[in-house]
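Structure at a glance
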Amino acid sequence: MSILRLIHRWVGIFLGLQMILWMVSGFIMSYYDHDMVEGNHLRKAPIRSSLTLTPVNDLSQILASLPLGEQILNISAEYFRGQNIVKIRTDHATRMFDAKSGEYINIDADYAKTIARDDFTGEGDITTVSEIIAPTLETRESNGPGWRVDFNNAENSSLYLSAETGQIWERRHDQWRQFDFFWMLHIMDYQNRKSFNNWIVILASWISLWIALTGFIVLFESLSKGDFNFIAPLLARNKTTRFTVKSKDGHFNKSYSSKGHHTLFRVLAAENINLPTSCGGGGTCGLCRVQLKPAPKATPIDYRKLSKEEIREGYRLSCQHHQFDKSTISLPDSLFGKSKLSFKVD
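What you see is a predicted model, and the numbers here were worked out from it, not measured in a lab. (Residues numbered from 1 in each chain as written. Predicted model: local features only at pLDDT ≥ 70, side-chain atom pairs only at ≥ 80, totals over all residues. Heavy atoms only, no water.)

**Observations concerning the pattern of salt bridges**
We count it as follows: Whenever a carboxyl oxygen of Asp or Glu lies within 4 Å of a side-chain nitrogen of Lys or Arg, that contact is scored as a salt bridge. Numbering of helices and strands runs from the N terminus, with a helix taken as a DSSP run of H or I at least four residues long and a strand as a DSSP run of E at least two residues long. Residue burial is assigned from relative accessible area. The probe radius is 1.4 Å, only protein chains are included, and a residue is buried under 20% of its type maximum, exposed over 50%, and partly exposed in between.
Evaluation of the coordinates by the stated rule reveals eleven salt bridges. The partner of glutamate 78 in a salt bridge is lysine 87, and the shortest N-O contact between them spans 3.1 Å. Residue glutamate 310 pairs with arginine 289 through a salt bridge whose shortest N-O separation is 2.8 Å. In this pair, glutamate 310 sits in helix α10 (residues 308–312) while arginine 289 sits in strand β10 (residues 289–293), placing the two residues 21 residues apart along the sequence. With a relative accessible area of 31%, arginine 289 lands in the partly exposed category. Linked through salt bridges whose partners overlap, the residues forming this network are Glu138, Asp174 and Arg177.

Dropping the structure here:
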């Protein structure tokens, strides 16, 4: 059991650290402005075009320019940067053509730079334009070839756009990167940063279940009977306790009964047998000692206030014991017939 407790403790520490990261990261993310994080403050308001769609002069010429073997999935007429275009999506790529001339619209590095400059409202100039072949952490929700355009402003802004359609994918900057770090900690996806359903979350869930089950085992193994004393008064409120009180010289011998889960100190006081005390039954003075046969198990307070010899002879502190059914309590003759005294000290 000690090995189980040791494993439970260290695994609990590991899981607890992750839970702290989860709570702290969630708390920090709540303070970020969502529009700022998304980079909307760097984006120009879209301009609604007044152009009308015009018929394509020769769609067959455009279709003939497509690579052989590609299957056409969709053809649409759209606007792109103030001109009518034909957008064709195949099972390999998406291409745009000028609706009038039928020419292919190639979004190269220079064109990507122009698109980014027109979309960007922040300060700073373009420093680099880099081609993107595969998704990165900053473009993990986008697919296909693209361009990264970096600006030399205070926020280290970067715009990502599609090399096929010219669409702006993402607007990234330092605040987004900070937010994304805490997002990684929060969802526990340390590799892709986009899925709650990752193996670390699944493992943490199983560990949490294991912690809960082993916690019950360790808990009940460490409990003692005394930990449930608070339940005893509820269970024994209608229970009748019978006991006998006698004097040391044998002149007094009387049987009593009491209902409820009260201490022997209180039960004797209710029968007008007032034991000496200076703490009122709190277990600090050690004056309310009585001799019981059979004697209940001594408590830690009994061991502190009574000698070992007294413990062996059956002496106990009456304020510390509730279990004395069928016991005989021996008391000095001087206690019988004494009334409880009340006085005031000025």
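**Some remarks on the environment of glycine 146**
One can find glycine 146 in strand β5 (residues 146–151). Its relative accessible area of 0% is what places glycine 146 among the buried residues.

**A short note on the sheet that holds strand β4 (residues 126–132)**
Put simply, the test is: Paired strands are those between which DSSP finds at least two bridges. All axes here are fitted lines through C-alpha atoms, helices being fitted over the stretch that makes contact, and every angle between N-to-C directions spans 0 to 180 degrees. The contact criterion used throughout is that any non-hydrogen atoms of two residues lie within 4.5 Å.
Here four strands make up an open sheet; going across it, the order is β4-β5-β6-β7 and the pairing antiparallel. Here the strands that pair on one side only, and so sit at the sheet edges, are β4 and β7 (168–172). Adjacent strand axes in the sheet meet at a mean angle of 15° when their direction is disregarded. Here β4 pairs with β5 via six bridges, running antiparallel. Along β5, the bridge assignment pairs glutamate 131 with tryptophan 147. Packing against the sheet, helix α4 (residues 109–119) makes contact with β4, β5, β6 (158–162) and β7, and its axis sits at approximately 55° to β5.

**Description of the environment of threonine 277**
On the secondary structure map, threonine 277 appears in the loop between α8 (264–270) and β10. Threonine 277 sits 42 residues away from cysteine 319 along the chain, and the two C-alpha atoms are 9.7 Å apart. Not counting the four nearest positions on each side in its chain, threonine 277 is found in contact with Phe265, Cys285 and Leu287.

**Overview of the packing of aromatic side chains**
How two aromatic rings sit relative to each other is given by the distance of their centres and the angle of their planes. What counts, and what does not: A pair of Phe, Tyr and Trp rings is counted when the ring centres sit within 6.5 Å of each other, with Trp represented by its six-membered ring. The angle between the planes then sorts it: under 30 degrees is stacked, over 60 is edge-to-face, the rest tilted.
Within the structure shown, the criterion is met by nine aromatic pairs. Taken together, the ring pairs in this structure connect Phe243, Tyr256 and Phe324 into an aromatic cluster.

**Observations regarding the sheet that holds β10**
A sheet is described by the order of its strands in space; here five strands give the open sequence β9-β8-β12-β10-β11, paired in mixed fashion. Two strands close off the open sheet at either side, each with one partner strand: β9 (253–259) and β11 (315–317). Taken pair by pair, the neighbouring strands of this sheet meet at an average axis angle of 35°, ignoring direction. In this sheet, β9 lies alongside strand β8 (residues 240–247) in antiparallel orientation, the contact comprising seven bridges. Considered in β9, the bridge of threonine 241 is made with serine 258.

**Overview of the confidence of the model for the protein chain**
So the rule is basically this: The predictor attaches a confidence to each residue, and that confidence, scored 0 to 100, is pLDDT.
Per-chain confidence: the protein chain averages 85 in pLDDT, with 88% of residues scoring 70 or above. Across the protein chain, β5 holds the top mean pLDDT of 96, while helix α7 (residues 232–235) sits lowest at 62.

**Some details on a nonpolar patch on the surface**
Rules: Only residues above 30% relative accessible area that lack a salt bridge enter a patch, with like-charged residues linked at up to 9 Å and the nonpolar side chains Val, Leu, Ile, Met, Phe, Trp and Tyr linked at up to 5 Å. Note on areas: these come from Shrake-Rupley sampling with a 1.4 Å probe, and a residue is covered only by the protein chains present in the view.
A surface patch of nonpolar side chains, amounting to about 880 Å² of accessible area, comprises Leu6, Trp10, Ile13, Leu17, Met19, Ile20, Trp22, Met23 and Val24. Inspection of the secondary structure puts methionine 23 in helix α1 (residues 2–29).

**With respect to the pairing of β5**
Burial runs high along β5: five of the six residues are buried. Here five bridges tie β5 to β6, and the two strands are oriented antiparallel to one another. Each bridged residue has a counterpart across the sheet, and for tryptophan 147 the counterpart in β6 is leucine 161. Between β5 and β6, which pair antiparallel one after the other, the connecting turn spans six residues, and asparagine 156 there sits at a positive phi close to 55°.

**Concerning α1**
For clarity, the cut-off: Multiplying one less than the number of residues by 1.5 Å gives the expected span of a helix.
Helix length check: α1, at 28 residues, gives a terminal C-alpha distance of 40 Å against a target of 40 Å (1.5 Å per residue), a fit within 8%. Within the sequence span of α1, burial applies to His8, Leu15, Gln18, Ser25 and Met29.

**Some words on the nonpolar core**
Quick reminder of the rule: Only buried residues count toward a nonpolar core. Its members are Ala, Val, Leu, Ile, Met, Phe, Trp, Tyr and Cys residues joined through side-chain atoms within 4.5 Å.
Phe243, Val245, Leu275, Ile329 and Leu331 are the most contacted members of the largest nonpolar core, which has 24 residues in total. Here this core takes four residues from α8, the largest share from any one element. Membership of the second largest hydrophobic core comes to 18 residues, among which are Ile85, Met96, Ala163 and Ile168.

**A look at the side chain of glutamine 18**
Heads up, the condition is: Two N or O atoms count as a polar contact when they lie within 3.5 Å, although within protein this holds only if one can serve as hydrogen donor and the other as acceptor, and sequence-adjacent residues are included solely when both atoms are side-chain atoms.
In this fold, glutamine 18 is placed in helix α1. A distance of 2.9 Å separates polar atoms of two side chains, one belonging to glutamine 18 and the other to tyrosine 190. Ignoring any residue separated from it by four or fewer positions in sequence, one finds glutamine 18 in contact with Leu185, Met188 and Tyr190.

**Re the pairing of strand β2 (residues 83–90)**
Of all eight residues in β2, six are buried; the element is thus mostly enclosed. Summarising the sheet, strand β1 (residues 72–80) and β2 pair through eight bridges and their orientation is antiparallel. When the sheet's bridge partners are listed, alanine 77 is paired in β2 with valine 86. In this antiparallel pair of consecutive strands, β2 and strand β3 (residues 94–98), the connection spans three residues.

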